[in-house]
Amino acid sequence: MTGKILCKTGADLVNATDPELVKFIGEIYYGLFRGGKIRQCGLGGRRSKFTRGFVVLAVTSFMAAVKLHHLTERIANFRENVFRFIILEERFEDCFWICVASATAHAGLVLGVYSIEKDCAAQFTSAGDAFDRLVSGKLRTLLSLCGPPLKKGKTRIFHGLHQDFPSVVVVGLGKKNAGINEQENWNEGKENIRTAVAVGCRQIQDLEIPAVEVDPCGDAQAAAEGAVLGLHEYNELKQKKKPVVTPQLHGSAESEAWQKGVIYAEGQNLARYLMEAPANYITPIKFAEHIEQKLKSFSNVKVHIRPESWITTQEMGAFLSVAKGSAEPPIFLEIHYLGGANTDDSPLVFVGKGVTFDSGGISLKPSSGMDAMRADMGGAATVCSAIVTAAALNIPLNIIGLAPLCENMPSGKANKPGDVVRAKNGKTIQVDNTDAEGRLLLADALCYAHNFNARAIVNAATLTGAMDVALGSAATGVFTNSSWLWTHLYEASILTGDRVWRMPLFEHYTKQVTDCPLADVSNIGKYSRAGGACTAAAFLKEFVTASHWAHLDIAGVMSNKDEVPYLRKGMAGRPTRTLVEFAARLSQDSHNAK
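As annotated in an unreviewed UniProt entry, the protein is Cytosol aminopeptidase from Hirundo rustica rustica. The record in UniProt for the protein states the following under Subunit (unreviewed entry): "Homohexamer."

Pasting the structure below:
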């Protein structure tokens, strides 16, 4: 809530319609009581107990009437009191200006400064320069007195410079005009902004200040992403929580870009939430219902939660063979986002692995670290979150999301090593390792994806530990049969900073999964661990006939320790923003449109 929204003159209130008055008084009410404390207010620059008392009494009694639905009577009474107060004090405008300014006086401010040579004057962003002029150059002076020039990602905090912003954090942005770094395969300037803003906002949160205004730093979208991603933390089940901080754009020049960044970041945070939540809270049905709830307000989205009976009629034997080991019934989640100009246009199809808990099955995983396997539905979480984001952005593209959801558990009904199951396309699969279950779900889902005359099929999965070994958390591994598709994914990742790296789909690996003694294909390569990520991709390729397909192995980027500085420790929700940016780019590319 900002003072700019709530500033009203006495005349504005006298002339307001009843609905306008209800809305305005509600805003004042929540401004006064935000954070559980009544904010100070005064009259014409001096504090006035009468003014404060009148405002609090009038507003609280009004809101009580709103809750009791006694609107007609209370609106008339409130107008009478407002008129009398204007006549008595003749300073109604000042009263409410002070009241609202007090409500926002506990906002922090994050400002950017670029790297400079030693002994040179600090080079602020335009917003930083404007604030420095507002405080008569004090910010620049203090910054020069408190140590060497700020390095990127480092901060200094100052208190008491301005009454509206009791705490100001100055963050280092690195070199000005830093652009695409060819060595790093990302836009360095955007990454610097995300990191700096995230660090600054967390410092405001540590001070328990409920709101923070953020300098756009020349790229409001990147600044918004840094703020919203940097402040996110899963604490749903804790009694003691970090204070909630609401980030806002400082100024209004780049509001559209800021809002876009907020939506991108909230999409990734949705994936983080789903991946971080305990497996007993996010079961297959609860996952599907959560996504359905997120999408219910969009008229151009249809959500189908397919039960086990439907999965059986679709002859998804590979998927069902994994699900049967658990008491939790499987779900096949199907989402249709009709954002294109023509609903008949060929869609982009996203497919996400949705194992809501992976014990390994009979091929049981070691107990150490097994709790992290609550996030083995990261593929489903990222693709579904990307569709939620695409709908919020109104991306002009038809998108279909498919998420086979189940648990992989050991039981008397579970798959056994050596079992043979039949996939939707009729191919038989020898299950040599029950912990290589994700590819069984994806095999059936990819077969089903071919029903939609897809423009492109992109699947995401926390598929192999081998991918983590190969690339770590630096990038998502991409296996694709389409250079056109790869180019779009790669260029999208440069903008988002959530990188991708192309991996091989050689026939060399295909032979290792098709040379199988009992079935058409084995779910692991015959040389066991050698090239594990590549043999897994080669397995999936056996269930794909589309000419534009990409498999994203996101096992290495599933979680974050401290590698991505604008994400806290925990599940990362990567590469949601890259998928969204990819979809946005695809919507603007008429090439290969079917």
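**What about the packing of aromatic side chains?**
Summed over the entire model, instances satisfying the criterion amount to nine aromatic pairs. With a centroid separation of 6.3 Å and 75° between ring planes, the pair formed by Phe 131 and Phe 165 is classed as edge-to-face. One end of the pair, Phe 131, is in helix H7 (residues 126-134); the other, Phe 165, is in strand E6 (residues 165-172), and 34 residues separate them in sequence. With respect to burial, Phe 131 and Phe 165 carry one shared label: buried. On the basis of an interplanar angle of 50° and a centroid distance of 5.2 Å, the ring pair of Phe 539 and Phe 543 is categorised as tilted. A single burial state applies to Phe 539 and to Phe 543, both of which are buried. Members of the aromatic cluster, connected to one another through ring pairs, are Trp 310, Phe 332, Tyr 448 and Phe 452. The lysine or arginine in question, Lys 427, covers the ring of Phe 543, its NZ or CZ lying 5.9 Å from the ring centre. The ring of Trp 186 carries the charged tip of Arg 499 above its face, separated from the ring centre by 3.9 Å.

**Overview of helix H10 (residues 220-231)**
Between the first and last C-alpha of H10 there are 16 Å, a value that for twelve residues agrees with the 16 Å anticipated at 1.5 Å per step. Most of H10 is tucked away: twelve of the twelve residues are buried. Of the positions making up H10, those classed as buried are Ala 220, Gln 221, Ala 222, Ala 223, Ala 224, Glu 225, Gly 226, Ala 227, Val 228, Leu 229, Gly 230 and Leu 231. At its buried positions, H10 is contacted by helix H9 (188-206), strand E9 (211-214), strand E10 (246-249), helix H11 (255-276) and helix H21 (576-587).

**Remarks on the packing of helix H19 (residues 507-514) against helix H20 (residues 532-541)**
At a minimum axis separation of 8 Å, H19 and H20 run at an interaxial angle of 75°. By the angle class used here, H19 and H20 are roughly perpendicular. Between H19, through Tyr 509, Thr 510, Gln 512 and Val 513, and H20, the contact on the second element is made entirely by Cys 534, Thr 535, Ala 538 and Phe 539. Broken down by class, the residue content of the contact of H19 with H20 amounts to five nonpolar, three polar and no charged.

**Examining the UniProt feature "domain: Cytosol aminopeptidase" (unreviewed entry) in the protein**
When the UniProt feature table is mapped onto this chain, "domain: Cytosol aminopeptidase" (unreviewed entry) is found at residues 433-440. As annotated, residues 433-440 has a helix share of 38% and a strand share of 0%, and its two end C-alpha atoms lie 11 Å apart.

**Description of the pairing of strand E3 (residues 107-114)**
Most of E3 sits out of view: eight of its eight residues are buried. Here four bridges tie E3 to E9, and the two strands are oriented parallel to one another. Across the sheet, Val 110 pairs through a bridge with Val 214, a residue of E9. For E3 and E6, the ladder comprises six bridges, and the chain directions are parallel.

**Re the pattern of salt bridges**
Within this structure, the stated rule accounts for 22 salt bridges. Among the salt bridges present, the one from Glu 233 reaches Lys 242, with a minimum N-O distance of 3.3 Å. The partly exposed category is assigned to Glu 233, whose relative accessible area is 31%. Asp 435 is the partner of Lys 365 in a salt bridge, and the nearest nitrogen-oxygen pair spans 3.0 Å. Of this pair, Lys 365 sits in the loop between strand E14 (354-358) and helix H15 (378-393) while Asp 435 sits in the loop between strand E17 (428-431) and helix H16 (438-449), and the two are 70 residues apart along the sequence. Asp 435 sits in the partly exposed class, given a relative accessible area of 24%.

**Description of the sheet that holds strand E16 (residues 419-422)**
Taken in spatial order, the three strands of this open sheet run E16-E17-E21, and their pairing is mixed. At either end of the open sheet lies a strand with only one pairing partner, and these are E16 and strand E21 (521-522). Examined bridge by bridge, E16 and E17 share four bridges and lie antiparallel to one another. The residue of E17 that forms the bridge with Val 421 is Ile 429.

About the criteria used
- Residues numbered from 1 in each chain as written.
- Predicted model: local features only at pLDDT ≥ 70, side-chain atom pairs only at ≥ 80, totals over all residues.
- Heavy atoms only, no water.
- UniProt positions renumbered as here; feature names shortened; annotations may be inferred.
- Phe/Tyr/Trp six-rings, centres within 6.5 Å; stacked < 30°, edge-to-face > 60°.
- Helix = DSSP H or I, 4+ residues; strand = E, 2+ residues; numbered from the N terminus.
- Buried < 20%, exposed > 50% of the residue type's maximum accessible area, 1.4 Å probe, protein only.
- Lys NZ or Arg CZ within 6 Å of the ring centre and 35° of its normal.
- Expected span 1.5 Å × (residues − 1).
- Contact = heavy atoms within 4.5 Å.
- Axes fitted to C-alpha atoms, helices over the stretch in contact; angles between N-to-C directions.
- Parallel < 35°, antiparallel > 145°, perpendicular 65-115°, else oblique.
- Nonpolar A, V, L, I, M, F, W, Y, C, P; charged D, E, K, R; others polar.
- Pairing = 2+ DSSP bridges.
- Salt bridge = Lys/Arg side-chain N within 4 Å of Asp/Glu carboxyl O.

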